[in-house]
Structures are given as structure tokens and as C-alpha cells.
Amino acid sequence: MVTLTRKIEFAASHLYHNPAFTAEENQRIFGKCNNPHGHGHNYTLEVTVEGKPDPRTGMVLDLGELKNLLENEVMQRMDHRFLNYEVPELKGLIPTCENVAIIIWNLLAPKIPQGRLYRVRLYESPDLFVDCYGEEIGK
Amino acid sequence: MNVQLSRRYTFAASHRLHNPAFSDAENQRIYGKCNNPYGHGHNYTLEVTLTGPVDAATGMVANLGDLDPFVQRTVLDAFDHRNLSEEVELFRSVVPTTENLCIEIFRRLRDFPKARLLRIRIEETSKNSFEYSE
């Protein structure tokens, strides 16, 4: 089995606020991420697909198809957007790196043309990233 | 949904690789320039990976506001700008290779109360990295 990883970058803004918490609780739990005006990040997304190289093409999957999928499902939806207000899949969720990685997994997993989605790694900054492996037991 | 959260920290420290059970010649042969009696230093990058359910109310595996001070108190305060061979009790008797550093840092962070510690990864230089999990 071989894995193939493609990386893209997008910029987006968000804020962390749970209306079920008091203002003080939101401030204590989310800190400066609770700033009501929001703030932004340059996100780096690494999408890893696992599969057997096709003996005719030598490829796990067509990179062009993966590139288009990432463009349509992630870039169009999230790049230069305010995640809380403009991404319907995040409605009712705090747009943490964890939850954004999960919705990206859910958007991509059923649409991988060949092979299987193995991992979604989302960097919110160079020093913070989340790995999502779907429902499988983690390594 | 299986989610892992990783946070990177940096610290600078010195060490010397030397095992008193070996002869000077053996130490020199095995550890090479890392056996220099005066020690030497690195900028280490520590990557801490936690796993657990994403809390429905906060959207988080763990709050960095809890993790950062825990790592600061249990690891960085003891290791940053220190001589590991001289100033960390364990490394008076255990060779402070990055392998052993991974194991010691895992031991120190294992009891983080908010999520399960999955993996410790340390980059000693941009070319060398080591991982430990249990």
C-alpha cells in the first residue's frame, strides 16, 4: 500500500464562542479566540490518500482529480471566508482546528475517486495541527 | 471520529553523550563528536500529540490554555537553557540521547488530565527526529 499526500493553503477567519456559555466562561475557555470580531489564520491542509498504484498508470490516483476535488470542496468553500458565518457545514459547531478537520474529512471521504482517504492533517499555524483519521481506531 | 491534536514547542539545551561503563575509546567510537567532554547544544523541537473525543461544547480535544502551562511546568522549565547531562536528575545515570529524551518527556506528560497522550516526537536537528509512544 502506498500513500499520496497533497498540500494546499487557504486563509480564513473565525472566532470561538459558545452561546451556551456565559460571556465570562467564553472568555476563560477560549481566551483571545473569543474576540467577537474574529481573527484569521493561514491554514495548511495535507490530504493523504492510501491505495495501490494502478499498474497501467503507476498512480494511486490522478493528482489532477484530487486537485480539482480540493479546489471544489475546500478552497471554494473556505478560502478567504469567515468560517463561522460562511461555511454551512460548521453551523452549530465551534470552528476549532479539530472541527474544521472533521468536516473536511466528511466532505472528501466519499468523493475520493480511487483509493481511500487515509488522513486529513490541518495546520492552523506551524506549531498547531490536527490529524483526523475518520472513525478508525488511531495509530 | 478519531482526531489527534499536535502542538509544537521549542527548547534549547546542551548535553554530552557518554556512558561511564564504556572505556574512553569506546565512548569516542560510539558517540563520536557527541562525546566531546564539554558538551554541545541543540535547538530541540518537541511535538506533543494528544487524542480523545472532541468536546461537543468547546470543539476541542484539549484546550491549549491547559496544555501549554502543563508542558511549560513539567518539561520546558526543566529542560530549556539547561545542560541536560548535568541538570536533569535522570540524565546523571542515563545517556541523554534524543531517544531517552522522548521517553522521559512522555513520562512527564503522561498524566496530562484533559486528554490522552498519544505520541512524543522530537527533532534534535532538521535532519534527526525521534518518536515514542506506548
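See the structure above.
Remember, it's a predicted structure, so these values are computed and weren't measured experimentally.

Glancing now at the overall build of chain B. What chain B contains, in helices and strands, is four helices and five strands. For chain B, the succession of helices and strands along the chain, N to C, is β-α-β-α-β-α-α-β-β. Taken over 134 residues, chain B has a buried fraction of 46%. For chain B, restricting intrachain contacts to residue pairs at least 6 apart in sequence, the fraction spanning at least 24 positions comes to 69%. Working note: accessible area of chain B is about 6900 Å², and carbon and sulfur atoms make up 47% of it. The positive charge centre, built from 16 side chains, and the negative charge centre, built from 18, are 2 Å apart in chain B.

Residue and element names in this part refer to chain A. With 13 bridges connecting them, strand β1 (residues 2-14) and strand β2 (residues 39-51) associate as antiparallel partners. By the bridge assignment, Val2 is partnered in β2 with Gly51. Where β1 lies against strand β3 (residues 81-82), two bridges are found, and the strand directions are parallel. Residue Ala12 lies in a different strand from β3, and its bridge partner there is Arg81.

In this section: the nonpolar core. Soluble, globular proteins show a tendency: their nonpolar side chains are buried together. Met78 of chain A together with Leu46, Leu50, Ile105 and Ile120 of chain B are the most contacted members of the largest nonpolar core, which has 65 residues in total. Counting residues per element, this core draws most heavily on helix α4 (residues 97-108) of chain A, at nine residues. Excluding residues that lie within four positions of it along the chain, Ile105 of chain B makes contacts with Phe11, Leu46, Val75, Phe79, Ile120 and Ile122 of chain B. With six residues, the next largest nonpolar core counts Phe21, Phe30 and Ile94 of chain A together with Met60 of chain B among its residues.

Right, let's talk about the interface of chain A and chain B for a bit. Each partner contributes residues to the interface: chain A has 26 residues there, and chain B has 20 residues. Both sides of the chain A and chain B interface together cover about 1900 Å² of buried area, and 54% of this is carbon and sulfur. It is Glu98, Asp127 and Phe129 of chain A in chain A that bury the most area against chain B; as a group they hold 29% of the surface buried on that side. Between chain A and chain B we count one salt bridge in total. Two residues, Asp127 of chain A and Arg8 of chain B, come together in a salt bridge whose shortest N-O distance is 3.9 Å. Counting the contacts that link chain A with chain B gives 10 residue pairs in polar contact (both at pLDDT 80 or more). Elements represented by at least two residues in the side of chain A that touches chain B include exactly α1 (23-30), α4 and β5 (128-132) of chain A. Of the residues belonging to the side of chain A that touches chain B, the class tally is 14 nonpolar, six polar and six charged.

Considering the arrangement of structural elements, one finds Asp131 of chain A in strand β5. The exposure class of Asp131 of chain A is buried, given its relative accessible area of 0%. Reaching out from Asp131 of chain A, the side chain makes a polar contact with the side chain of Arg121 of chain A at a distance of 2.7 Å. When near neighbours in sequence (up to four residues on either side) are disregarded, Asp131 of chain A contacts Arg119, Val120 and Arg121 of chain A together with Asn2, Val3, Gln4 and Arg119 of chain B.

A separate point is helix α2 (residues 64-79) of chain B. All names here are of chain B. For α2, the principal kink sits at Gln72 and spans about 45°. All of the buried residues along α2 are Leu67, Phe70, Val71, Thr74, Val75, Leu76 and Phe79. For α2, the secondary structure elements touched by its buried residues are β1 (3-15), β2 (40-51), β3 (82-83), α3 (84-87) and α4 (98-109). At the N-terminal boundary of α2, the capping side chain belongs to Asn63, with an oxygen 2.8 Å from the backbone nitrogen of Gly65. Just downstream of α2 lies His81, where phi reads positive at about 55°.

This brings us to the packing of α2 of chain B against α4 of chain B. Residues and elements named next belong to chain B. The geometry of α2 relative to α4 is characterised by a closest axis approach of 9 Å and an angle of 145° between their N-to-C directions. The handedness of the crossing between α2 and α4 comes out as right-handed. For the pair α2 and α4, the contacting residues are Phe70, Val71, Thr74, Val75, Ala78 and Phe79 in the first and Leu101, Glu104, Ile105, Arg108 and Leu109 in the second. Counted by class, the contact of α2 with α4 contains eight nonpolar, one polar and two charged residues.

Rules used throughout
- Residues numbered from 1 in each chain as written.
- Chains lettered and ligands numbered in written order.
- Predicted model: local features only at pLDDT ≥ 70, side-chain atom pairs only at ≥ 80, totals over all residues.
- Heavy atoms only, no water.
- Helix = DSSP H or I, 4+ residues; strand = E, 2+ residues; numbered from the N terminus.
- Buried < 20%, exposed > 50% of the residue type's maximum accessible area, 1.4 Å probe, protein only.
- Contact = heavy atoms within 4.5 Å.
- Areas by Shrake-Rupley, 256 points an atom, 1.4 Å probe, with all protein chains shown as cover.
- Lys, Arg positive; Asp, Glu negative; His and termini not counted.
- Charge placed at Lys NZ, Arg CZ, Asp CG, Glu CD.
- Pairing = 2+ DSSP bridges.
- Core = buried A, V, L, I, M, F, W, Y, C linked by side-chain atoms within 4.5 Å.
- Buried area = accessible area lost by both parts, 1.4 Å probe.
- Salt bridge = Lys/Arg side-chain N within 4 Å of Asp/Glu carboxyl O.
- Polar contact = N/O pair within 3.5 Å; in protein donor to acceptor, adjacent residues only side chain to side chain.
- Nonpolar A, V, L, I, M, F, W, Y, C, P; charged D, E, K, R; others polar.
- Bend = angle between axes of the 7 residues up to and from the residue.
- Axes fitted to C-alpha atoms, helices over the stretch in contact; angles between N-to-C directions.
- Left-handed = near helix turned anticlockwise from the far one by under 90°.

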